[in-house]
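Structural description and commentary
Next come the chains, spelled out residue by residue.
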Amino acid sequence: MPQEYSPAEEVAEVARDLIDGDHTHLSTVRVEYVFASEPLKEKGKIVWGRAKKVGGLNAWLAAGTRKHDASQPEEFFVIEICKRTWDQLDDKSRKALVDHELTHCEVDLDTSKLSIRPHDLEEFNSIVRKYGLWRADVKLFVDSVKQKQLFDDGERGDEIIMKVDGKEVDITSQMNKARRRREASA
Ligand SMILES: [Zn+2]
């Protein structure tokens, strides 16, 4: 089936809250939200959403025929979300997806130039399985996961179990230590 696009008001609504929170630099930037009827691909991989910058000739054309006199086009972002995926996600995952796409949208505060920010981490599972946290960005990524788990589990004071190579490892004391360090520095 050919790709069909439709306005994504539900996505825009989620995005508005997120922009008011962690993405205030986007509050004065034009961002369009679009549902795509067919799966989206990025670098050959199926993705749930995509963020793009529209600039140059495309931005000029997108301004509409009224403005098709000689003018400098206004750059803007487009966030595409696969509608089928969106319909299957719960609220938390929808929020995470929109937050992810908004994080790609970067604004240079000096020049107001828009750009697409790459992911913090690009790595193969097989390499991490073989070599572990061999690079700083891989380690940072795993640290973020641990911090989030700590935050989620911290309230309950339960044991924190991590699965390593299929074996369950009790990391409660390490995590509590990290939490105390975090609290001390907060
Ligand atoms: Zn992404």
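A few points on the structure. (Residues numbered from 1 in each chain as written. Predicted model: local features only at pLDDT ≥ 70, side-chain atom pairs only at ≥ 80, totals over all residues.)

1. Looking at helix α4 (residues 91–103)
With 13 residues, α4 ought to run about 18 Å at 1.5 Å a step, and its terminal C-alpha atoms sit 18 Å apart, in line with that. Every buried residue belonging to α4 is among Arg94, Leu97, Val98, Glu101 and Leu102, and all of these are buried. Seen end-on, α4 carries its buried residues on one side only, within an arc spanning 135°. Looking at the buried residues of α4, the elements they touch are α1 (9–21), β5 (49–54), β6 (76–82), α3 (83–88) and β7 (105–107). (Helix = DSSP H or I, 4+ residues; strand = E, 2+ residues; numbered from the N terminus. Expected span 1.5 Å × (residues − 1). Buried ≥ 20, exposed ≤ 12 C-beta atoms within 10 Å, placed from the backbone. Arc of directions from axis to C-beta. Contact = placed C-beta atoms within 7 Å.)

2. Details of the sheet that holds β5
A sheet is described by the order of its strands in space; here four strands give the open sequence β1-β2-β6-β5, paired in mixed fashion. Here the strands that pair on one side only, and so sit at the sheet edges, are β1 (5–7) and β5. Averaged over neighbouring strand pairs, the angle between their axes works out to 30° when direction is ignored. The pairing of β1 with strand β2 (residues 31–36) spans three bridges and is classified as antiparallel. Residue pairing for β2: Tyr5 is matched across the bridge by Ala36. Along the sheet face, α1 touches β1, β2 and β6 and points at about 140° away from the line of β2. (Pairing = 2+ DSSP bridges. Axes fitted to C-alpha atoms, helices over the stretch in contact; angles between N-to-C directions.)

3. Re the packing of α1 against α4
Closest axis-to-axis distance for the α1/α4 pair is 9 Å, and the angle between their directions is 65°. With respect to each other, α1 and α4 are oriented roughly perpendicular. Taken as a pair, α1 and α4 cross one another with a handedness that is right-handed. In this structure, α1 contributes Val11, Val14, Ala15, Leu18 and Ile19 to the contact, and α4 contributes Arg94, Lys95, Val98, Asp99 and Leu102. Within the contact of α1 with α4, the residues separate by chemical class into seven nonpolar, no polar and three charged. (Parallel < 35°, antiparallel > 145°, perpendicular 65-115°, else oblique. Left-handed = near helix turned anticlockwise from the far one by under 90°. Nonpolar A, V, L, I, M, F, W, Y, C, P; charged D, E, K, R; others polar.)

4. Focus on the nonpolar core
Among the nonpolar cores identified, the biggest contains 20 residues, and Val11, Ala15, Val31, Tyr33, Ile79, Ile81 and Val98 are the most heavily contacted of them. Elements with a contribution of two residues or more to this core: α1, β2, β6 and α4. Val31 has contacts with Ala15, Leu26, Phe76, Phe77, Ile79 and Cys105, leaving out every residue within four places of it along the chain. (Core = buried A, V, L, I, M, F, W, Y, C linked by C-beta atoms within 7 Å.)

5. Details of the pairing of β6
Across the seven residues of β6, five count as buried, placing the element largely inside the fold. For β2 and β6, the ladder comprises six bridges, and the chain directions are parallel. Bridge pairing links Ala36 to Cys82 in β6. Alignment of β5 against β6, held across six bridges, turns out to be antiparallel.

6. Thoughts on α1
The first and last C-alpha atoms of α1 sit 19 Å apart over 13 residues, in line with the 18 Å expected at 1.5 Å per residue. Looking at α1, one finds that the buried residues are Val11, Val14, Ala15 and Ile19. Down the axis of α1, the buried set is contained in an arc of 140°. They therefore lie on one face. Seen from the open side of α1, the exposed residues pointing more than 90 degrees away from its buried face are Glu9, Glu13, Asp20 and Gly21. On its buried face, α1 is in contact with β2, β6 and α4.

Keep in mind these numbers describe shape, not what the thing actually does.
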